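What follows is each chain in one-letter form.
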Amino acid sequence: MENLPSILITQEILTKLDLEALCTVACVTKTLHSSAYRYVLPFFTSLDLSSSFIPDANSLHYIRNRCNNIKTISLNCQRLSNSFFTPFLAPHIQQLNLYCCSLLTSQIFVSIAENCRFIRVLMVEFAEQDSPHLLEPDLIYMLRRCNLLECLSITIRGTKFYVNFFHSVGCFLPKTLNTLMLKPVLEENAFGVVNNLEGGSYSAYEELSIPVSPSPSVSGLQRLSLVLDVISDRLLITISCILPLLLELDLKDMPNKEPVPNRDLTDNGLQSLCSCRHLTGLTLIRGRHNFQGSFKRVTDMGMFLLSEGCKGLQSVRLGGFSKVSAAGFASLLQSCQKIKNLEIRNAPLLSDLAFYNLIEAPSTLVEVRLLSCNLITSETVKKLSSSKSLEVIDLRGCKSIADSCLYSVSLLQKLTSLNLSGADITDGGLSVLGRGSSPISHLSLRGCKRITDKGISHLLSGGGAIVKTLESLDLAHMPGISDNAILTIVASGKEITELCLRSCFYVTDSSLRALANKRRYEDDSKQLKQLDIYNCTGLSAKALELLRKPLFRGLHWIGIGQIYLGRKRNRVMAEIQNERPWLTMCLDGCEMGCHDGWEYHCRPQDY
C-alpha cells in the first residue's frame, strides 16, 4: 500500500466511500490516513450522520475543521444544542436535515437566517418547545431572509394540537417554495396557511359545495404535508382550489373525540380533490393514538369519485376508512393503473375481493402495506405476488395470513422488505422462505407466536438467498424464541446488523455473550450495530458487563430498559459511556434507534 501512487488510492478507493467507512479505512495505514485527510475530506459536499450513530459537538467540530465544502448536512441532534450550530452554519450550506432535536429551540431559525441566506432545503424535527410562543416569530424571521427556500419541513414531536404554532406562516412563505410540511397544526390554522398562499382569498362558508374551477390566484406549491387535529371538507376544498398544481398531498389527523358532522371529511371532500389534475401522491390517514375513531362519513361513493378524477395517482396511503368496502378500494386499483405504492390501514371492510382481478390487469406495484386489515388472507398475498416488481410487503396485524402464501412470496426476485408481524405463520412457512430466492434484507416476525427456534434454523439454513441478504431481523414478543435461535443467528446470520429481541423472555446471558463475540475479529461493516433487548427478563445484572470493550465492537445503539441491571447500574453505565461515547443506551422502551420516543428523553420527569 505504501508503494501505490496517492492519486490511485484517492480516486479508486477513498472517493467511493462514505464518511464512516472513510474514517475506518484511514486508521489502517499512514498512507491511507494522509490521503483521506488531505485529498478527500476537504472536498466532501455531503455529510450524513442521521441514522448510524448520534454525534456530539466535539466529534462534529473535528469533522467541520476538515470538511470545508459541505453543502448538504443530515444530523441526529439528540446531543447537540443551539450553541453548537452558530459556528457550524455557513453561507455555502444549501440543505439542512436536523432530526431528533431534543435540545434545540426555535432560536435555530435565527441562526440559519443570519448564516445560511442561500439555503434551499430545511427540515427540523423538534421536541416539545419550552417557549412555543417564540417558534412562529423566529420562523417568520428566517422566512423573511431566506427567500430561496424550496422545501420547508417543521415537525414538533410530543406536543398538543391546541397550541397555535403556525398561525401566520402562510403570509411569509417565499415564492420559490414547492414543498411545505408542518406537523402538528390546527385545522383552522392550516386553512389560514393555505388561504394565504400567493395572496389567496378563499373564504369559509357554512354549507360546503364542490367548486367548479380553481381560484384565479393560485400557488405553485407542489407538495403539502400536514398533521392536523381533524381533516375536514373545508380544508380539502380550499386546498383543491388554491393548489391545483399539487403533485403530492399528505394529510394525517389525530382527533381527541368524534368530529362534529360539519367539521369532518365526507364524500364531498374526496370529490373536491378531482380538481388537482396532476396529483400523483395522496395520503389520508386518521390516527388512533388519541381516539379510536375513523372516517365514518366517507363511503364507497367517495372512493369511486376519487378514483375516477385522480387516475394518475402513483402513491396511495389511506387509513381509518371504516365504511369503505372492498368495492371502493378495488376501484382505486382498477382506475389508477400507475399505482406503485399502496398502503391501507385499519380498514375493517377491506377483504380479498378488492384484489380479485389483480392477476388479470398489469400491475406496477412496488410497495404494498396492508396494516391491521383482519379480513385479508393469504389469497390476497398470492395475487399480489403476481406483481414481479414488488420490493416491499408489509402485513402487520393481518392475523389471517398463513404459511400457504409464503411460497409465492419466496419467488419474488426484487423483494427486500417483508413484515409479517402478528401473522399466523409457523416454522414450516419459514422453511419455505429460507429456500426461496427473494433477496430479503429486512424481515419482521414480531408477535408470531407459533414460530420456535426451529423456524429460525430453517430460515437461515435453507440454502436460499435470504441467508446472504438479511440485515435486519425483528423477533420481538415471540415466546417460542430462546438461546438456541440466537446461537443460530450468530452462526448463520452473517449479514445481520440489526436485531430486535424485546420481550423474548427465554433469552439469557448466553445469547448476549454469543452476540457480543459475533465475528469479533472481522471488519466493522459486518458487526452488530443495533440491538434491542428491552424487557428480556431472562437477562441478569451481569449482562451489562458484556457491553464493555472489546465486545460489541460495532454497536451504536442498544435498548436495555425493563431488565434487571443491579445496584451498580449507574456506575457501570457511566463507565461504558466513557469507553464508548458513540454508543446510545436507551432505557425508555423506544423502538430500534429511538426513532420514536426520543422527544421525551430530555424531560427529567420521565427518568
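Numbering of residues starts from 1 in every chain and runs along the sequence as written. Given that this is a predicted model, residues contribute local features only at a pLDDT of at least 70 and side-chain atom pairs are listed and counted only at 80 or more, while totals for whole chains, interfaces and linings are drawn from all residues. Hydrogens are left out, water is left out, and the side-chain values use all remaining heavy atoms of the structure.

Go over the overall build of the chain, please, and point to the residues and values.
Along the backbone of the chain there are 20 helices and 20 strands. Seen along its three principal axes, the alpha-carbon backbone of the chain occupies a region of about 70 × 60 × 55 Å. Counting the 607 residues in the chain, one finds 54% classified as buried. The contact criterion used is simple: two residues touch if any of their non-hydrogen atoms lie within 4.5 Å. A separation threshold of at least 6 residues defines the contact pool for the chain, and within that pool the share at least 24 residues apart is 76%. Helix numbering and strand numbering both begin at the N terminus, where a helix is a DSSP run of H or I of at least 4 residues and a strand a DSSP run of E of at least 2. In this scheme, a residue with accessible area under 20% of its type's maximum is buried, one over 50% is exposed, and one in between is partly exposed, where area comes from a 1.4 Å probe on protein chains only.

With reference to specific residues and values, describe the side chain of Thr488.
One can find Thr488 in helix H18 (residues 483-492). Look at Thr488 and you get buried, because its relative accessible area is 17%. Ignoring sequence-local partners within four residues, the contact set of Thr488 consists of Ile456, Ser457, Leu460 and Gly493.

Give a description of the environment of Glu545 that names residues and reports values.
With respect to the helices, strands and loops of the structure, Glu545 is situated in the loop between strand E18 (530-532) and strand E19 (557-559). The class of Glu545 is partly exposed, set by a relative accessible area of 36%.

I'd like a rundown of the nonpolar core, residues and numbers included.
For our purposes a nonpolar core is just a set of buried Ala, Val, Leu, Ile, Met, Phe, Trp, Tyr and Cys residues, chained together by side-chain atoms within 4.5 Å. Among the nonpolar cores identified, the biggest contains 172 residues, and Met142, Leu152, Leu445 and Leu531 are the most heavily contacted of them. Ranked by residues supplied to this core, first place goes to helix H12 (residues 326-335) with five residues. Judged by nonpolar contacts, the second largest core, of 10 residues, contains Ala476, Cys500, Cys590 and Cys594.

Tell me about helix H8 (residues 187-196), and name the residues and values.
Of all 10 residues making up H8, eight are buried, and the element is well covered by its neighbours. For H8, the set of buried residues is Glu187, Asn189, Ala190, Phe191, Gly192, Val193, Val194 and Asn195. Residues of H8 that are buried in the fold lie against strand E6 (179-185), strand E7 (223-228) and helix H9 (233-242).

For the packing of H8 against H9, give the residues involved together with the corresponding values.
Each packed pair of helices is defined by two parameters, the angle between the axes and the distance between the axes. For helices, the fitted axis covers only the stretch in contact; all axes are lines through C-alpha atoms, and the angles between them, taken along N-to-C directions, range from 0 to 180 degrees. Where H8 meets H9, the closest approach of the two axes is 10 Å, and the angle between their N-to-C directions is 10°. As summarised for this structure, H8 and H9 are arranged roughly parallel, according to the angle between their axes. On H9, the residues touching Glu187, Glu188, Ala190, Phe191, Val194 and Asn195 of H8 are Arg234, Leu235, Thr238, Ile239 and Ile242. Classifying every residue of the contact of H8 with H9 gives six nonpolar, two polar and three charged. Oblique is the label for any angle not covered by the other classes, which are roughly parallel (under 35 degrees), roughly antiparallel (over 145) and roughly perpendicular (65 to 115). Basically, the charged four are Asp, Glu, Lys and Arg, the nonpolar ten are Ala, Val, Leu, Ile, Met, Phe, Trp, Tyr, Cys and Pro, and anything else, Gly included, counts as polar.

Can you break down unusual backbone geometry residue by residue, with the values?
Most peptide bonds adopt trans geometry, and most residues besides glycine take a negative phi value. With an omega of -5°, the peptide bond running from Lys183 to Pro184 counts as cis. Note that Pro184 resides in strand E6. Lys549 connects to Pro550 through a cis peptide bond whose omega is 5°. Here Pro550 is to be found in the loop between E18 and E19. Positioned with a positive phi, Ser503 is a non-glycine residue whose angle comes to about 60°. By secondary structure assignment, the location of Ser503 is in the loop between strand E17 (498-500) and helix H19 (509-516). Taking relative accessible area as the criterion, Ser503 reaches 9% and is therefore assigned buried.

Can you lay out empty space enclosed by the protein for me, pointing to particular residues and giving the numbers?
Using a grid of 1 Å spacing that covers the protein atoms alone, one calls a set of points a cavity when a 1.4 Å probe fits there but cannot get out, and a pocket when the set is open and has protein on both sides within 12 Å along at least five of seven lines; lining residues are those with an atom within 4 Å of a point. Grid points are joined across faces, edges and corners, and a volume is the space filled by probe spheres set on the points. Applying the stated criterion to the full structure yields one cavity of 30 Å³ or more. What the largest cavity holds in volume is close to 40 Å³. Lining the largest cavity, in full, are Leu512, Ile533, Ser540, Ala543, Leu544, Leu547, Ile558, Ile560, Ile563 and Leu565. Here the lining of the largest cavity is composed, by residue class, of nine nonpolar, one polar and no charged.

Account for the packing of H18 against H19, naming residues and giving values.
Between H18 and H19, the shortest axis-to-axis distance is 9 Å and the interhelical angle comes to 5°. Classed by the angle they form, the pair H18 and H19 counts as roughly parallel. For the pair formed by H18 and H19, the contact residues are Asp483, Ile486, Leu487 and Val490 on the first element and Ser510, Ser511, Ala514 and Leu515 on the second. Taken together, the residues of the contact of H18 with H19 break down into five nonpolar, two polar and one charged.

Could you give an account of the pairing of strand E8 (residues 248-253), naming the residues involved and the relevant values?
The side chains of a regular strand alternate between both faces of the sheet. Following DSSP output, two strands are said to pair if at least two bridges run between them. In this sheet, E8 lies alongside E7 in parallel orientation, the contact comprising six bridges. Directly across from Ser225, in E8, lies its bridge partner Asp250. Crossover E7 to E8 through H9 is right-handed. By the bridge criterion, six bridges tie E8 to strand E9 (residues 281-286) in an arrangement that is parallel. Its bridge partner lying in E9, Leu249 is registered against Leu282. Of the crossover connections in this fold, the one passing from E8 over helix H10 (residues 267-272) to the parallel E9 is right-handed. Seen with its strands pointing away from the viewer, a crossover is right-handed if its path from the first strand over the helix to the second goes clockwise.

Help me get a handle on helix H11 (residues 300-309), residues and values and all.
Within H11 the residues assigned to the buried category are Asp300, Gly302, Met303, Leu306, Ser307 and Gly309. Those residues of H11 that are buried lie in contact with H10, E9, strand E10 (315-319) and H12.

For the environment of Asp596, give the residues involved together with the corresponding values.
Examined against the element boundaries, Asp596 turns out to sit in the segment after strand E20 (584-586). Given the relative accessible area of 35%, Asp596 is considered partly exposed. Taking the C-alpha atoms as reference points, Asp596 and Leu487, separated by 109 residues in sequence, lie 29 Å from one another. Discounting residues that sit within four places of it in the chain, Asp596 has contacts with Arg157, Cys590 and Glu591.

So what about the packing of aromatic side chains? Which residues, and what values?
In summary, the pairing rule links any two rings of Phe, Tyr or Trp, Trp by its six-membered ring, whose centres are within 6.5 Å, and it sorts them by plane angle into stacked for under 30 degrees, edge-to-face for over 60 and tilted for everything else. Applying the stated criterion to the full structure yields three aromatic pairs. The interplanar angle of 80° and the centroid separation of 5.7 Å between the aromatic rings of Phe109 and Phe126 together place this pair among those described as edge-to-face. Of this pair, Phe109 sits in helix H6 (residues 107-115) while Phe126 is found in strand E4 (residues 121-126), placing the two residues 17 residues apart along the sequence. The same class applies to Phe109 and to Phe126, which are both buried.

Just give me the short version of the pattern of salt bridges, but keep the residues and values in it.
Between Lys or Arg on one side and Asp or Glu on the other, a salt bridge is scored when a side-chain nitrogen of the former is within 4 Å of a carboxyl oxygen of the latter. Under the criterion given, the structure shown has 27 salt bridges. Here Glu343 ties to Arg345 by a salt bridge, and the two come within 2.5 Å at their closest N and O atoms. Residue class for Glu343 comes out buried when judged on its relative accessible area of 5%. Look at the salt bridges and you will find they share partners, linking Asp253, Glu258, Asp264, Arg286, Lys296 and Arg297 into a network.

Can you explain the confidence of the model for the chain? Please cite residues and give values.
In predicted models, pLDDT denotes the confidence assigned by the predictor to each residue on a 0 to 100 scale. On average, residues of the chain score 87 in pLDDT, and 90% of them are at 70 or above. Here residues 200-217 scores under 50 on pLDDT; set against residues more than four positions off or in separate chains, the count is 30 contacts. In the predicted structure, residues 603-607 sits below a pLDDT of 50 and forms seven contacts with residues beyond four places in sequence or in another chain.

Give me the lowdown on the environment of Tyr600, citing residues and values where you can.
Tracing the chain through its elements places Tyr600 in the segment after E20. Given the relative accessible area of 34%, Tyr600 is considered partly exposed. Remark: the alpha-carbon pair of Tyr600 and Asp250, spanning 350 residues in sequence, is separated by 26 Å.

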